[in-house]
Every structure is written in structure tokens, then in C-alpha cells.
Amino acid sequence: MSGKLYVSNTEARNESRFEGPGVFAGHTVRGHLHEARISIISGATVTPRHLNKHINYAVVPSPAGVKNDSLAIRPAWR
């Protein structure tokens, strides 16, 4: 056993509160609301790992196929 704990989680982008193209607010969370992650806990060290490094959040909407290659935490009610 490695003694490591793996925890699924998300990282919300709370520094921006507006959706849409950002015309009125100057910034937006459009296309980048949160990130799916796995955090690895080893002793007192926590190392978050982004699960979808292949996503280019600057391209909205995402190209075809990005959704099929992406990982996420699915809600229990789905």
C-alpha cells in the first residue's frame, strides 16, 4: 500500500461571477466554470491533478470531440 488517499473533487472559479461573452462585465466564466480534479493526499501534502488538461478554455465553444474525451464527476441524480 502506498498510504496515499485519492479524492475526487472540483475546483470552482469563484473569482468571476458572470456568464456570457463578458461584454458588460469585462470578464466571464464562459466555458470555464470549474475543473474536475483528483487530489492526492500523502501525509500533509495535497497535490491536485486536473483531469482534463486537453481542454483549451480559450476556445469557446470547444471543438467537436472534446466532450467525449473529458472526465467529470457525475452527480448521483443523473
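Residues numbered from 1 in each chain as written. Predicted model: local features only at pLDDT ≥ 70, side-chain atom pairs only at ≥ 80, totals over all residues. Heavy atoms only, no water.

Asks: So what about the overall build of the protein chain? Which residues, and what values?
Replies: When helices and strands are tallied, the protein chain shows 1 helix and 3 strands. The linear arrangement of helices and strands in the protein chain, starting from the amino end, is β-β-β-α. Total accessible area on the protein chain stands at roughly 6,400 Å², and carbon and sulfur atoms take up 54% of it. (Helix = DSSP H or I, 4+ residues; strand = E, 2+ residues; numbered from the N terminus. Areas by Shrake-Rupley, 256 points an atom, 1.4 Å probe, with all protein chains shown as cover.)

Asks: Outline the sheet that holds strand β3 (residues 45-50), listing residues and values.
Replies: Read from one edge of the open sheet, 3 strands run β1-β2-β3, paired in antiparallel fashion. The open sheet has two edge strands with one neighbour each: β1 (5-12) and β3. Between one strand axis and the next, the sheet turns through 30 degrees on average, direction left out of account. The pairing of β1 with strand β2 (residues 34-42) spans 8 bridges and is antiparallel. Its bridge partner lying in β2, Val7 is registered against Ser39. (Pairing = 2+ DSSP bridges. Axes fitted to C-alpha atoms, helices over the stretch in contact; angles between N-to-C directions.)

Asks: Give me the side chain of Arg37: which residues, what numbers.
Replies: Looking at the element boundaries, Arg37 is found in strand β2. One polar contact links Arg37 to Glu35, side chain to side chain, over a distance of 2.9 Å. (Polar contact = N/O pair within 3.5 Å; in protein donor to acceptor, adjacent residues only side chain to side chain.)

Asks: Requested: an account of the pattern of salt bridges, with residues and values cited.
Replies: Evaluation of the coordinates by the stated rule reveals 1 salt bridge. Ionic pairing is found between Arg37 and Glu35, a salt bridge with its closest N-O pair at 2.9 Å. Owing to a relative accessible area of 14%, Glu35 belongs among the buried residues under this scheme. (Salt bridge = Lys/Arg side-chain N within 4 Å of Asp/Glu carboxyl O. Buried < 20%, exposed > 50% of the residue type's maximum accessible area, 1.4 Å probe, protein only.)

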